[in-house]
Structures are given as C-alpha cells and as structure tokens.
Amino acid sequence: MRTDPYPGTLPAREHLPAAWAGTPVLDVVVPVFNEEKDLRPCVRRLHEHLIRTFPYAFRITIADNASTDGTPLVAADLARRIEEVRSVRLERKGRGRALRSVWSASDAPVLAYMDVDLSTDLNALLPLVAPLISGHSDLAVGSRLSRGSRVVRGAKREFISRSYNLILRGSLQARFSDAQCGFKAIRRDVAQVLLPLVEDGGWFFDTELLVLAERAGLRIHEVPVDWVDDPDSSVHIVRTATEDLKGVWRVGRALATGALPLDRLARPFGDDPRDRDLADVPRGLTRQLVGFCAVGAVSTVCYLLLYSAFRTVTGPQPANGLALLVSAVANTAANRRLTFRVRGRGGMVRHQAQGLVVLAIGLALTSGSLAALDMASGDPAHSTELAVLVAANLAATVLRFLLFRAWVFPDRGPARAAGAVSRAPAPSPASPVAPPPGQAASWTTSEAGAAPLPPRTPQPDTPVTPPPAPARPRLPARPARQPDHDQRTTR
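All of the points below concern the structure found in this document. The structure displayed is predicted, hence computed values, not measured ones.

What follows covers the nonpolar core. As a rule of thumb, soluble globular proteins bury nonpolar side chains together. Membership of the largest hydrophobic core comes to 41 residues, with the highest contact counts inside it found for Leu26, Leu39, Leu46, Leu50, Met114 and Val129. For this core, the elements supplying multiple residues, two or more each, are strand S1 (26–32), helix H1 (39–53), strand S2 (58–65), helix H2 (71–81), strand S4 (110–114), helix H4 (125–134) and strand S7 (183–187). Excluding its chain neighbours within four sequence positions, the residues that come into contact with Leu26 are Leu50, Phe54, Ala57, Phe58, Arg59, Ala108, Val110, Ala112 and Val129. By size, the runner-up hydrophobic cluster in this structure holds 40 residues, among which are Trp103, Ala174, Leu195 and Phe205.

Within this structure, the stated rule accounts for 18 salt bridges. Arg95 is paired through a salt bridge with Asp115; the nearest N and O atoms lie 3.9 Å apart. Residue Arg95 is located in helix H3 (residues 95–105), and its partner Asp115 is located in the loop between S4 and H4; the two are separated by 20 residues in the primary sequence. For Arg95, a relative accessible area of 7% gives the class buried.

Quick look at the packing of H1 against H2 now. At a minimum axis distance of 10 Å, the contact between H1 and H2 shows a crossing angle of 25 degrees. Relative to H2, the element H1 lies roughly parallel. You can see that H1 and H2 cross each other, and the crossing is right-handed. Touching Leu39, Arg40, Val43 and Arg44 of H1 are Thr71, Val74, Ala75, Asp77, Leu78 and Arg81, all from H2. Here the contact of H1 with H2 is built from residues that sort into five nonpolar, one polar and four charged.

About the criteria used
- Residues numbered from 1 in each chain as written.
- Predicted model: local features only at pLDDT ≥ 70, side-chain atom pairs only at ≥ 80, totals over all residues.
- Heavy atoms only, no water.
- Core = buried A, V, L, I, M, F, W, Y, C linked by side-chain atoms within 4.5 Å.
- Buried < 20%, exposed > 50% of the residue type's maximum accessible area, 1.4 Å probe, protein only.
- Helix = DSSP H or I, 4+ residues; strand = E, 2+ residues; numbered from the N terminus.
- Contact = heavy atoms within 4.5 Å.
- Salt bridge = Lys/Arg side-chain N within 4 Å of Asp/Glu carboxyl O.
- Axes fitted to C-alpha atoms, helices over the stretch in contact; angles between N-to-C directions.
- Parallel < 35°, antiparallel > 145°, perpendicular 65-115°, else oblique.
- Left-handed = near helix turned anticlockwise from the far one by under 90°.
- Nonpolar A, V, L, I, M, F, W, Y, C, P; charged D, E, K, R; others polar.

If you want it as structure tokens, here you go:
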C-alpha cells in the first residue's frame, strides 16, 4: 500500500457555492480507449442532456487512455467545437490512472465519471450529484442492484456482478451494493484526501476508493439506475475479475494490518452529530458494550482454561486467584485498546492498578461463590464448580463494565474530543495553471499522482470554539443558453 504522509483532515461539508466566475460546478470525466466510433455520439448526447437539465456550469473531460486509433482526433475535434468539452491524453492505459490524473488537476468542486457506452440512463446524473452539491454526502454511486433499478443484461454478467459484490461484503464488510457500476461522483475536497491512499490504477480503482471511504466513515449515497448492457464492451471479464480479486486481497490485508491511516480520517467532519457534546447522552455506549462483551467472552474462556489447568496442581481457591490474575491483566489491556480506544502508554500502569482493584471485587464474588458451594456441598463435582463460577463471573462482568466505564476509562467528553474539533481544515491546493491561449480546449498530460499534503501539526489540548459559519449564497440557476448553430446542426 501507499506510504505517503498523512494527507490531512477533511473540512465540514457545506453547500457548494456555485457563483464562482468561470469555474464549473461539475466535471464529468469520460475515460476512453480506442473508442473513435462511440465517442462523438456519447459526448454530444451527454452535452445536450446537461445543457437541458443541469442548472449549473459544467465541464466534460475526455480522458484518452493511450488510444491507438482515431480517438485522440475525435476528442480534439469535440473539444474545439464545444465550449464545455476538453480532452486529456495519457500515455498509459488504466481507468483508475485516468481518473486519478484528471480528478487531481480539476478545479470543479464535484467530480464524476461515466462509461463511454452510456449504458446508464442519464436521467440519474442529477440525482447522483445533487447530494454532493448540497453537502449531504461525500460520494455517490449508481447501483444496478438496488430495488428500484431496471437492468437489462445477460445471465453471465449478472452472475459475475452479484458474485463480486458478495465477495466484497464477505471479505471487506462493504455495505454499498454495486462496486463496479461505471457511474460515480465524489466531492473534490474528499478526493484530495482519498486519492493518495488508493493504489490501483485499473478497474479496481473505484472499488478501492469506495472501500476506503466507507471505512473512513464517509457518507456514500446510492442512486438506483436504469442500465442496459453493451454487447460490444471491450472489457476482458476473466482478466478483470482476476485483478479485482488480487485487489480485494491487497486491501483486506492492508486493513487487517493497519497499514492505512483510516483511523485518522474516521468522522473527520465538524458537522457529525456524534462529535457533539450532548448532556445526559452517553458517548459510544453501544460500541463499548459490544466490545466489552466480546473481550469478556474471550477472557471467560481463557479464565476457565487457566482455572482447569491450575486446578490440577492446586486447590480451588489458589487456582481461581491465579486464573483471575492472569486473565484480568489481559482483559484490562484488551479493553483499554479495543473497547475504550485508549492509545499510547500514558496511564497504562494506573489503568492496570485500577483493573486489579476491579479484579479484587471479582475475586470476592467468585471466591464467595466457591465458599458458599463448599458449605452447601462438602465435595462438589468439577462441573458444578465451573457452573457456579460462570454465574458469579456474569455478575462480576456487569459490575466490571460499570467500573471500567465510570472509573478506569471515564469519558472525558469535550476534553477528549478537543483535538478533533479544534483541527483546522486542510488548505485546498491551488487551482491548476490555465493552458496558453488557443489550447484551452485540448491538452496533453502524463500520469499525475496526487501530491501529498504536509503532515498534520500537533494541536493544543484545549477546545477551540469554531467561528460561526457565514451565510451561504443561494445557488443561482444556470442562465438559458442560446443554441450554437455549429453544435446543433451536426446532431
């Protein structure tokens, strides 16, 4: 995986201003490779649809992936004839490589892409980008597997698509329904942070982007689409499926080993209601309870195994004490790291000492249970001892969670969240330099990797109250355009 420096935090989502002079709100990228036949009708149909339905300024970018036929000439001609169209030439193949290059250089606040065959009905384009413009979502994807979708394709492609998405759900815990639909959009500020983390440059690019975004806690909006399969598609199914499975293995391994800094991206937005300090509302109670139960179940199994091992050489009371001591130290360390998410070595000794106090309470409960069992039955069976210990441990577990939450690892509220609230948004990189006169519509570029932003600087521990947000200007509707005779007569 990539080892670039941490690219920075994301600002709070806002309604995107659309009154910037000369700057399009939407940049639609159409990646192509040897598509001289379909490129012209695709771009003209897309341009006409946007002129008719999209209320803001837009741009269509043709990303040529090292085509060897007449595609570059067609792209250049379209860019020369249509004001909102430009062409970009890359000398290496790869859909992900083309999207990374164009998205990294674009100045539009919303970035999208679609396949050149226009298999997806264009009526879904405005619903796709509207949540990004309004500030509601961070990414948007078209889904062919939603209930409201209408799809026409062969059984082979249907089986492969559903199998692939089942693999993503089972291996990477993906919750989005359709990873490979060629109809997606992303906010530019989100792309600037996520693109340096995405390694793939081919067909797996958008799947990897979605998985990382979902793991980072970003909001993904799904749009049901109408989709008709292109029988002349040039995608090699077997090779693409093999590369996708390799990508799933690589990303899954990186997530399992913690090679990606996604924990720093989790809930990065200042408008997340989970970051607000609300009176009388426990913070993270459900997550902590689930984590504590999982750690407690493993600890109980370890405790019973240790008790059974120690019981063969000692009496019940020493075996119980030794098993509780070993399992309690491990239990405190696991809850510290996994349940209450305390990082670093600070306070580790104090936490273990407090954990031993909690152990003493548990020891009193379990030892008292064993003493009561001995008084009731002079020589109880081993299975009876284990049953009594399980019941006593359940009672001690409830008390242990309450003590851990309120005393050992108390929630500091605003003090703990101060770092996340007081971090300033990462500065937006400067807009790309405009091309020289006469070449504004068409230009050539090599593969452009997203430049890493400077590492995050330490922030003070005291909370900083953010200034009130200024009033947002209303988004003006796109003025009615006079039809260009040169553009309309050739349709």
